[in-house]
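# Secondary and tertiary structure notes
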Amino acid sequence: VQLQASGGGEVPTGGSLRLSCAASGRTVSSYTMAWFRRAPGKDREFVAAIRNTNSRTYYVDSARGRFTISRDNAKNTVYLQMNSLQPEDTAVYYCAAGANLIQSSITQSIAYTYWGQGTQVTVSS
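This section reports on the structure supplied with the text. (Residues numbered from 1 in each chain as written. Predicted model: local features only at pLDDT ≥ 70, side-chain atom pairs only at ≥ 80, totals over all residues. Heavy atoms only, no water.)

Core analysis: the largest hydrophobic core is formed by 40 residues, its most contacted members being Met33, Trp35, Phe67, Leu80, Met82 and Tyr93. Residues in contact with Tyr93, not counting those within four places in the same chain, are Leu19, Trp35, Phe36, Arg37, Val47, Phe67, Leu80, Met82, Gly118, Thr119 and Val121. (Core = buried A, V, L, I, M, F, W, Y, C linked by side-chain atoms within 4.5 Å. Buried < 20%, exposed > 50% of the residue type's maximum accessible area, 1.4 Å probe, protein only. Contact = heavy atoms within 4.5 Å.)

Next up, the structure:
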């Protein structure tokens with residue numbers, strides 16, 4: 001499956017963005033889909049995921065209540081709605097797809113096989 005991330009940009013503190021991850025080759029319903037991010041000088045960090053089996057969602061603590069991951073099977077696209085953005089959310093955001101993930105691996109980047117190219121999110125203070 002090929003993944004194309006888009007929707008990044010620059011917003012002021014408190015602003016919102018919606019990231020999109022369009023898939024081709026296979027349907028997103030075949031995979032657990034996730035968003036990771038890498039801030040300057042930091043390791044890649046799990047942000048959110050949605051399982052294909054039961055649509056259960058997972059979030060890093062700093063995103064819970066502000067970010068929402070969702071999936072539109074008809075459009076073969078996964079979204080990350082980000083509200084109340086803070087400067088510490090500034091990063092390159094990547095979407096990823098993985099098959100047959102066990103519960104304990106959902107937040108681990110090594111569990112995901114396919115990755116998009118990344119989209120820059122900048123939150124100005």
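Glancing now at the pairing of strand E5 (residues 44-50). Most of E5 is tucked away: five of the seven residues are buried. As paired elements, strand E4 (residues 32-38) and E5 share six bridges and run antiparallel to each other. From the neighbouring strand, Arg38 faces E5, where its bridge partner is Arg44. Judged from the three bridges that link them, E5 and strand E6 (residues 57-59) form a sheet pairing that is antiparallel. Note that in E6 the partner of Ala48 across the bridge is Tyr59. (Helix = DSSP H or I, 4+ residues; strand = E, 2+ residues; numbered from the N terminus. Pairing = 2+ DSSP bridges.)

This next bit is on the packing of aromatic side chains. Overall, the coordinates contain five aromatic pairs when judged by the stated rule. Note on Phe36 and Trp115: the rings are 5.2 Å apart at their centroids and 50° apart in plane angle, and the pair reads as tilted. With Phe36 in strand E4 and Trp115 in strand E10 (residues 114-115), the pair connects residues that are 79 residues apart, well separated along the chain. Taking the relative accessible area as the measure of exposure, Phe36 reaches 1% and is therefore buried. Residue Trp115 is classed as partly exposed on the basis of its relative accessible area of 26%. Through a chain of ring-to-ring contacts, the aromatic side chains of Phe36, Phe46, Tyr112 and Trp115 assemble into a single cluster. One cation-aromatic arrangement involves Arg44 over Trp115; the distance from NZ or CZ to the ring centre is 4.2 Å. (Phe/Tyr/Trp six-rings, centres within 6.5 Å; stacked < 30°, edge-to-face > 60°. Lys NZ or Arg CZ within 6 Å of the ring centre and 35° of its normal.)

So, about unusual backbone geometry. In this structure, Ser55 takes a positive phi of about 60° despite not being glycine. By the secondary structure assignment, Ser55 is in the loop between E5 and E6. The residue Asn100 is not glycine, and still its phi comes out positive at about 55°.

Looking at where Ser105 falls in the secondary structure, it is placed in the loop between strand E9 (91-98) and E10. Residues in contact with Ser105, not counting those within four places in the same chain, are Ala111 and Tyr112.

Throughout the structure, instances matching the rule amount to four salt bridges. Asp89 is the partner of Arg37 in a salt bridge, and the nearest nitrogen-oxygen pair spans 3.0 Å. Placement of Arg37 in strand E4 and of Asp89 in the loop between strand E8 (77-82) and E9 is noted, with a sequence separation of 52 residues between them. The class for Arg37 is buried, based on a relative accessible area of 6%. On the accessibility criterion, Asp89 (1% relative accessible area) is buried. Across the salt bridge formed by Asp89 and Arg66, the nearest N and O atoms sit 2.8 Å from each other. (Salt bridge = Lys/Arg side-chain N within 4 Å of Asp/Glu carboxyl O.)

On their own, these measurements won't tell you what the molecule is for.
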